[in-house]
Amino acid sequence: MVTKRRKLSNPLALAVMVLLTERSMHPYEIAQTLRRRGKDTSLKINYGSLYTVVQNLEKHGFVEVAEVQRQGKRPERTLYGITDAGREEATEWLSDLIAVPAQEFPIFETALSLVGVIHPDEVVRLLGERLKTLEFQAASTRGGLTKLSESLPRIFLVESEYRLHMVEAEAEWVRGLLRELKDGTLDGVEQWRSFHETGEIPPEFQELEDRHFEE
């Protein structure tokens, strides 16, 4: 399955369309509903960007004005509803996201790719801090899931389950890397230390890089 290029790429646009399949809403109500349902843990939600997203959705024909409410001297409230094109777009977009793994660029992965500039002993300390935070996040998420599962069907908790598993998996990987750094069994760690002690790239590292580019 190949994903197609979409007119809108902000995940918040997808969340808005999905929510509007339930009923017409005002942008403020959309934001409040997403927050009430805990979607702000998976999406960046702020009122300014939400209004822009709704405007862009309307521009592309995915949502439309369903009603303009007037109550006394209060400002008008514009309610938006989803169009047939919006329903189709939301379904196709969500299907692509579920079926096709996307190439993402997590900032931690970026940091790991550049970690050589920091002394390995300092990296041990920094990873130790990260591990404590991950363990706290895992415990907090696990506790929240346990409590929520008492009143909500599991279908409403699957994204939290996924987040918990990702945090636990990262914690386990960091724990293993820390172990190898501390006992010196990480392949290349001695050359890494040598770089920080001498200020020179170890010859074997340079040879590996040269060979890689030759290939």
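Note that the structure is a prediction, hence the values are computed from the model and not measured.

Conventions and cut-offs
- Residues numbered from 1 in each chain as written.
- Predicted model: local features only at pLDDT ≥ 70, side-chain atom pairs only at ≥ 80, totals over all residues.
- Heavy atoms only, no water.
- Phe/Tyr/Trp six-rings, centres within 6.5 Å; stacked < 30°, edge-to-face > 60°.
- Lys NZ or Arg CZ within 6 Å of the ring centre and 35° of its normal.
- Patch = residues over 30% accessible without salt bridge, like charges linked within 9 Å, V, L, I, M, F, W, Y side chains within 5 Å.
- Areas by Shrake-Rupley, 256 points an atom, 1.4 Å probe, with all protein chains shown as cover.
- Salt bridge = Lys/Arg side-chain N within 4 Å of Asp/Glu carboxyl O.
- Lys, Arg positive; Asp, Glu negative; His and termini not counted.
- Charge placed at Lys NZ, Arg CZ, Asp CG, Glu CD.
- Helix = DSSP H or I, 4+ residues; strand = E, 2+ residues; numbered from the N terminus.
- Expected span 1.5 Å × (residues − 1).
- Buried < 20%, exposed > 50% of the residue type's maximum accessible area, 1.4 Å probe, protein only.
- Arc of directions from axis to C-beta.
- Contact = heavy atoms within 4.5 Å.
- Core = buried A, V, L, I, M, F, W, Y, C linked by side-chain atoms within 4.5 Å.
- 1 Å grid on protein atoms, 1.4 Å probe; cavity = no way out; pocket = protein on both sides within 12 Å on 5 of 7 lines; lining within 4 Å.
- Points joined across faces, edges and corners; volume = space filled by probe spheres on them.

Undergrad: Go over the packing of aromatic side chains, please, and point to the residues and values.
TA: Across all of its chains, the model carries 0 aromatic pairs by this definition. A cation over a ring is seen here: Arg130 above Phe108, with NZ or CZ 3.6 Å from the ring centre.

Undergrad: Account for a negative patch on the surface, naming residues and giving values.
TA: There is a patch of like negative charges on the surface, built from Glu58, Glu64, Asp84 and Glu88. Relative to the assigned elements, Asp84 resides in helix H4 (residues 84–99).

Undergrad: With reference to specific residues and values, describe H4.
TA: Here H4 is 16 residues long and its end C-alpha atoms lie 23 Å apart, about the 22 Å a rise of 1.5 Å per residue gives. For H4, the full list of buried residues reads Gly86, Glu89, Ala90, Trp93 and Asp96. Down the axis, H4 shows its buried residues gathered within 135 degrees of arc, on one side only. The exposed set on the far side of H4, more than 90 degrees from its buried face, consists of Asp84, Thr91 and Ile98. The inward-facing, buried residues of H4 contact helix H1 (11–20) and strand S2 (77–82).

Undergrad: Break down the nonpolar core for me, with residues and values.
TA: One broad trend across soluble globular proteins is that nonpolar side chains are buried collectively. By size, the foremost hydrophobic cluster in this structure holds 25 residues, and its most contacted members are Leu12, Val16, Met17, Leu20, Ile30, Leu34 and Leu57. Residue assignment for this core shows that the elements contributing at least two residues are H1, helix H2 (27–36), helix H3 (47–59), S2 and H4. Sort the elements by how many residues they give to this core and H1 lands first, with 8 residues. Not counting residues up to four positions away in its chain, the partners in contact with Leu34 are Leu12, Ala15, Leu19, Lys39, Asp40 and Ile45. One finds Leu134, Ala171, Val174 and Leu178 within the second-largest nonpolar core, a separate group that totals 18 residues.

Undergrad: Which residues make up the layout of surface pockets, and what are the values?
TA: Put simply, the second largest pocket is a space of about 390 Å³. As for the second largest pocket, its lining consists of 15 residues, of which Val115, Gly116, Gly188, Trp192 and Phe205 are closest to the centre. At 4 residues, the largest contribution of residues to the lining of the second largest pocket is made by helix H8 (residues 189–198).

Undergrad: Explain the pattern of salt bridges residue by residue, including any values.
TA: What the rule picks out here adds up to 13 salt bridges. Between Arg23 and Glu29 there is a salt bridge, and its shortest N-O distance comes to 2.6 Å. Residue class for Arg23 comes out partly exposed when judged on its relative accessible area of 40%. With a relative accessible area of 22%, Glu29 lands in the partly exposed category. Residue Glu129 pairs with Arg125 through a salt bridge whose shortest N-O separation is 2.5 Å. Remark: Arg125 and Glu129 occur in helix H6 (residues 120–148); sequence separation between them is 4 residues, near one turn of the helix. Classification of Arg125 as partly exposed rests on a relative accessible area of 42%. Look at the salt bridges and you will find they share partners, linking Arg6, Glu89 and Asp96 into a network.

By themselves, these observations are geometric and do not establish any function.
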